[in-house]
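Analysis of the macromolecular model
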Amino acid sequence: MTTTRTLGPFQVHPVGLGCMPLSMNNDRQYPDEADAVATIHAALDAGVTLLDTADCYAPSWDAFGHNESLVATALRQYGSLPEGLVVATKGGITRGPGETWGRDGSPEYLRGAVEASLRRLGVDVIDLYQWHRPDRERDYAEVVGTFAALRDEGKVRAVGISNANLEEIAVAQDVLGPGGLVSVQNEFSPRYRSSEDELRRCDAEGIAFLPWSPLGGTGGGARAVGEQFSVFAEIGAEHGVSPQRVVLAWELALSERVIPIPGARRAASIADSAAAAELVLSEEEIARCSASGS
Ligand SMILES: NC(=O)c1ccc[n+]([C@@H]2O[C@H](COP(=O)([O-])OP(=O)(O)OC[C@H]3O[C@@H](n4cnc5c(N)ncnc54)[C@H](OP(=O)(O)O)[C@@H]3O)[C@@H](O)[C@H]2O)c1
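Everything numeric in this text was worked out from a predicted model, so none of it was measured.

Conventions used here
- Residues numbered from 1 in each chain as written.
- Predicted model: local features only at pLDDT ≥ 70, side-chain atom pairs only at ≥ 80, totals over all residues.
- Helix = DSSP H or I, 4+ residues; strand = E, 2+ residues; numbered from the N terminus.
- Rg over C-alpha atoms; globule rule 2.2 N^0.38 Å.
- Contact = placed C-beta atoms within 7 Å.
- Near = placed C-beta within 6 Å.
- Nonpolar A, V, L, I, M, F, W, Y, C, P; charged D, E, K, R; others polar.
- Buried ≥ 20, exposed ≤ 12 C-beta atoms within 10 Å, placed from the backbone.
- Pairing = 2+ DSSP bridges.
- Axes fitted to C-alpha atoms, helices over the stretch in contact; angles between N-to-C directions.
- Expected span 1.5 Å × (residues − 1).
- Arc of directions from axis to C-beta.
- Core = buried A, V, L, I, M, F, W, Y, C linked by C-beta atoms within 7 Å.
- pLDDT = per-residue confidence, 0-100.

Of regular secondary structure, the chain possesses 11 helices and 11 strands. Computed over its C-alpha atoms, the radius of gyration of the chain comes to 18 Å, within 12% of the 19 Å expected for a compact globule of 294 residues. Along the three orthogonal principal directions, the C-alpha set of the chain runs to about 55 × 40 × 40 Å. Considering only intrachain contacts with a sequence separation of at least 6, the fraction spanning at least 24 residues in the chain is 72%.

A few words now on the site of the ligand. The immediate surroundings of the ligand are formed by 31 residues, with G18, M20, A222, G263 and S269 found nearest. Taken together, the elements giving at least two residues each to the shell around the ligand come down to α9 (243–254) and α10 (267–274). When residues of the shell around the ligand are assigned to their parent elements, the largest contribution, 3 residues, is made by α10. In terms of residue class, the shell around the ligand is built from 10 nonpolar, 15 polar and 6 charged.

A few words now on the pairing of strand β8 (residues 126–131). Most of β8 is tucked away, with 6 of its 6 residues classed as buried. Two strands pair when backbone bridges link them, and strand β5 (residues 86–91) and β8 are joined in this way by 4 bridges, in the parallel orientation. Along β8, the bridge assignment pairs G91 with W131. In the sheet, β8 pairs with strand β9 (residues 156–162) via 5 bridges, with the strands oriented parallel. Each bridged residue has a counterpart across the sheet, and for L128 the counterpart in β9 is A158.

Here we take up unusual backbone geometry. Outside of glycine, negative phi angles account for most residues, and trans bonds account for most peptide bonds. Phi angles above zero are rare outside glycine, and E99 is one such case at about 55°. Among the secondary structure elements, E99 is positioned in the loop between β6 (93–96) and β7 (100–103). You will see that S213, though not glycine, has its phi angle at about 45°, which is positive. Checked against the element boundaries, S213 lands in the loop between β11 (208–212) and α7 (225–228).

The residue V87 is located in strand β5 in this model. Taking the number of C-beta atoms within 10 Å as the measure of exposure, V87 has 20 and is therefore buried. Through-space distance from the C-alpha of V87 to that of E68 is 9.4 Å; in sequence the pair is 19 residues apart. Sequence-distant contacts of V87, defined by excluding residues within four places in its chain, comprise L51, T53, V71, L121 and D127.

Attention now goes to the sheet that holds β11. Spatial strand order, β3-β4-β5-β8-β9-β10-β11: 7 strands in an open sheet with parallel pairing. Taken across any chain shown, the strands that pair with only one partner, and hence form the sheet edges, are β3 (17–18) and β11. Packed onto the sheet, helix α6 (residues 196–205) meets β10 (181–187) and β11 and runs at close to 155° relative to β11.

Next up on the list: helix α3 (residues 107–121). With 15 residues, α3 should reach 21 Å at 1.5 Å per residue; the first-to-last C-alpha distance of 21 Å fits that figure. The set of residues buried in α3 consists of L110, A113, V114, S117, R120 and L121. When α3 is viewed along its axis, its buried side chains cluster within an angular range of 130° and face the same direction. Residues of α3 that are exposed and angled more than 90 degrees away from the buried face: E108 and E115. Taken together, the buried residues of α3 touch α2 (66–78), β5, β8, α4 (140–152) and β9. Two residues or fewer past α3, G122 is found with a positive phi of approximately 70°.

The subject of this paragraph is α4. Over its 13 residues, α4 runs 18 Å from end to end, which matches the ideal 18 Å to within 8%, given 1.5 Å per residue. Taken together, the buried positions of α4 are Y140, V143, V144, T146, F147, L150 and R151. Projected onto a plane normal to the axis of α4, the buried residues spread over an arc of 145° and lie on a single side. Considering only its buried residues, α4 is in contact with α3, β8, β9 and α5 (166–176).

Counting residues in hydrophobic clusters, the biggest one holds 86 residues, and the most contacted among them are L7, L17, I40, L50 and V71. Element by element, the count of residues in this core is highest for α9, at 6 residues. The residues contacting L7, other than those within four sequence positions of it, are V12, L50, V86, L128, V182, S183, A208 and I259.

With 99% of its residues at a pLDDT of 70 or more, the chain shows a mean pLDDT of 97. Per-element confidence in the chain is highest for strand β4 (residues 50–52), whose mean pLDDT is 99, and lowest for α7, whose mean pLDDT is 96.

Let us look at the pairing of β6. The pairing of β6 with β7 spans 4 bridges and is antiparallel. Paired with I93 across the two strands is R103, which belongs to β7.

Next comes the structure, spelled out in C-alpha cells:
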C-alpha cells in the first residue's frame, strides 16, 4: 500500500507525471494524440494522482496551451477519475512568433493566463498554479501578490513557485502567508544537484519540493542515467528494477516533502516510474546514490 505525500491541501501519490514531453521535448519526437492520452491513462492506472503541465508546453509557439488541452482530453476520456486527482499548471512564460520566449509577471498578463488555463483545462478552479520562472524585471513579492489575489478570489486553490532560490522562497512565504506556499518546483536529478539547498529548505519548512527533470531530462540524460551514474544501475540490478526507478526512490528518500514528476512519452515509462513509490532503499544504498554525483 503506497502512502501519499502532502502537497498543501492535497494528498497525492509520491510520484507525479510530468506531462511536458508529450508536447515539448529535446528530441522533438511527439506521440500522436491517442498514444499521448494512453500515457496519461497509464499514469492514472498506476495510481499517479498528480499531473504537472504548463500553458507554454507546446510543440510550437502558435500551439500555446497544447499540453493543458491534451491533459483535459485525457481526463475527459478516462471515465471515473481517481479521488484526489490534482492537476498542477504554470504560467508566466510567454512564447511568440519566430519561437521567441519571454516572461511576463504583470497582473494583466497573469490574470489572462489563468483564465486561458481554466478554459483549456475545463475547470472552474485550478488545483495548483505555479509561477513558472521569475520575471527579473519585476519585484518578486509584487508578482507573488498577484498569485495570492488569484487564490483569494478562488481562481486557484493553491500556489507554488518554480525555479526559485532561497531568498525567493522566503519572499513567497511572506507574501502568501502561513502555509500559503505549497510547493517549489526546481531542477534536481543525479546530474543536477544545485537545488539541494532549496530541497533542504522545503523539508525544514514543510513545503512540497517537486524535482523537475528528475531523471536528467529528455535530451538523453534520463535514458542514460544508469550509464552516466552506474550506482543507480548497480542497485537496480540488485533489486531487479530499472536504474530510473532507483533514481526516483533515492529522491523520495531524501525527504518526505519530495514529489518527483518524471516525464514520459511511453506508457511503460510512467508505469515503471510510479513503482518507485514501493521501492525501499537501505540507508547504505541511499548514501551510495547521494555520493554518486560528488
Ligand atoms: N518548472 C520548469 O521549469 C520545468 C522544466 C522542465 C521540466 N519540468 C517538468 O518536469 C517534468 C519532467 O521533466 P523531463 O520530462 O524534462 O525529464 P525527466 O523526467 O528527467 O525525463 C523524461 C524522460 O525519461 C524517460 N523515462 C521516464 N521514466 C522512465 C523509466 N522508468 N525508465 C526509462 N525511461 C524513463 C522518458 O522516456 P519516454 O519519453 O521514452 O517515455 C522521458 O523521455 C516535465 O514533464 C515537466 O512537467 C519543469
